[in-house]
Amino acid sequence: MRTQVAIVGGGPSGMLLSMLLHKQGIDTIVLERRTRDYVLARVRAGVLETGFADLMREAGVGERMDREGIIHEGASFAHPGGQFRIDFEKLTGRHVMVYGQTEVNRDLFEAREATGATTLFECKGVKPRDIDGEQPFLTFLHGGKMNRLDCDFIVGCDGFHGPCRQAIPEEVRTEYEKTYPFGWLGILSETPPIAEELIYAASERGFALCSMRNENLSRYYIQCRLSDSPEDWDDDTFWEELIRRIPETAAETLVTGPSIEKSIAPLRSFVCEPMRWGKMFLCGDAAHIVPPTGAKGLNTAASDVHYLYHAMVQHFIESDSQGLEEYSARALARIWKTQRFSWWMTNLLHRFPEQTEFDLKVQQAELAFLAENEAAQRALAENYVGLPY
Ligand code: APR
Ligand code: PHB
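As the structure is a computational prediction, the values presented were derived from the model and not from experiment.

Quick notes on the rules
Residues numbered from 1 in each chain as written. Chains lettered and ligands numbered in written order. Predicted model: local features only at pLDDT ≥ 70, side-chain atom pairs only at ≥ 80, totals over all residues. Heavy atoms only, no water. Pairing = 2+ DSSP bridges. Helix = DSSP H or I, 4+ residues; strand = E, 2+ residues; numbered from the N terminus. Contact = heavy atoms within 4.5 Å. Axes fitted to C-alpha atoms, helices over the stretch in contact; angles between N-to-C directions. Domains from an automatic or database assignment. Buried area = accessible area lost by both parts, 1.4 Å probe. Salt bridge = Lys/Arg side-chain N within 4 Å of Asp/Glu carboxyl O. Buried < 20%, exposed > 50% of the residue type's maximum accessible area, 1.4 Å probe, protein only.

> Would you take a moment to explain the sheet that holds strand S5 (residues 74-79) for this structure?
Here we have eight strands laid out as an open sheet, ordered S6-S5-S13-S14-S15-S12-S16-S19, and mixed in their pairing. Strand pairing shows two members of the sheet lacking a second neighbour, strand S6 (82-87) and strand S19 (288-289), which therefore form its edges. In terms of strand pairing, strand S16 (residues 259-273) meets S19 through two bridges, oriented antiparallel. Within S19, the residue paired with Phe270 across the bridge is Ile289. Packed on one face of the sheet, helix H11 (residues 357-372) meets S5, S6 and strand S13 (199-203) and runs near 50° to S6. Against the sheet, helix H12 (residues 374-385) touches S5, S6 and S13, its axis set at about 60° to S6.

> Help me understand the domain arrangement of the protein chain, please; the structure alone is not making it clear to me.
It is common to report an interface's size as the accessible area lost on association of the parts. Domain parsing of the protein chain yields domain 1 (2-72 + 95-178 + 268-347) and domain 2 (180-266 + 352-385). Relative placement of domain 1 and domain 2: their C-alpha centres are 29 Å apart. Taken together, the contacts link 30 residues of domain 1 with 23 residues of domain 2. Together, the buried faces of domain 1 and domain 2 total about 2,100 Å²; carbon and sulfur atoms form 63% of this surface. Of all residues in domain 1, the largest losses of buried area upon contact with domain 2 belong to Val43, His72 and Trp344, amounting jointly to 23% of the total for that side. Scanning the region where domain 1 abuts domain 2 turns up zero salt bridges. Mapped by element, the contributors of at least two residues to the side of domain 1 that touches domain 2 are strand S4 (70-72), strand S7 (96-98), S16 and helix H10 (322-349). When residues in the side of domain 1 that touches domain 2 are grouped by element, the largest group, eight residues, is from H10.

> Got a minute to help me understand unusual backbone geometry in this structure?
Outside of glycine, negative phi angles account for most residues, and trans bonds account for most peptide bonds. Residue Glu273 is joined to Pro274 through a cis peptide bond whose omega torsion reads -5°. With respect to the element layout, Pro274 can be found in the loop between S16 and strand S17 (276-277). Positive phi is not limited to glycine here, since Glu122 has a value of about 55°. By secondary structure assignment, the location of Glu122 is in the loop between strand S8 (119-120) and strand S9 (124-129). One non-glycine residue with positive phi stands out, namely Asp130, at about 50°. The residue Asp130 is located in the loop between S9 and strand S10 (137-142) in this model. Assessed through its relative accessible area of 47%, Asp130 is described here as partly exposed.

As structure tokens, this is what we get:
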């Protein structure tokens, strides 16, 4: 088998990149470890920056998103001192779109299938080879036999646990990591959302977030201990705790119901440098992870895809490799700013076990400042709607 760009991983990074390249006549093959149904069943985030939505449109996959996605012009922030709204549209002239990652992936899969391009599911033991030589290739098990895929470039869109990052020699790879001493317990319920906009709540009992997918599908999170497991939290216990952490006026409008999904995610910040080695490029979770507080996981993947897509077009169509040479540095420059924002939001809104009384006072003062200061609100809004590419 041979292709121009071999993409490892059929998550949002891999599928979006493949569709964009396809539109430009650049040939790709996607290798995915799981089944199609498994990938489509994963519940993840759902807040899209304008830049992400624009890429979906450019890939020709924006139609259902534009019909069903909900535009959010602001969000609410609650803390023991009160509740305030940050008006993204007024402060930045921009907004975000709420549209679940599950739907993003479904649209990308269906669009790719319609092109007839090859996506191989249930590929085992995918291994990038000769990435620092002239003719890279991948080997993998599929359909009961070993296969070889030759290509001009390999793109590792294979998530945090995938093999591509590990293929960069240890002596040239630097990994920066921070773990947080708590997790998020999230549930999905077929109930109407509590409010029209998201509510980020920094309560004395810990963080809570009220989010949504559509008018009858809500997503809620509460900060929990790392040692907790979803079985420790039956639905009633979850709702009771959520109610304790959100403003009373909001709690009065909360509609509860059975959860249809419940899971715990630890919070982590992670960056791998460089994001290119030889003929291999990393995109999305394969190279970096953010804590979910700033809603940036999917959006950082999109900025990588943006830089790499344009660099590939420049290479294949204009025979100019400068964009590929600069990819790692350009992607990382934006990644680190988004890392900073996600880390800052996490520090602002959570209770930390080791927090001193002094730390708490400073955190309260920062929230009070944000509540009353337009410049501080604008800084948050600029980051939340997405920094320019
Ligand atoms: N071989 C082939 N595919 C693999 C392998 C492997 N060895 N290992 C992992 N994969 C696949 C996974 O099964 C998954 O479908 O790579 C894909 C990676 O997808 P994501 O983890 O979703 O990462 P990414 O596409 O970069 O998306 C980033 O979306 O999923 C969220 O939390 C993530 O919000 C972040 C954003
Ligand atoms: C979500 O809806 O899943 C969501 C929204 C905002 C976040 C994180 C997750 O900051």
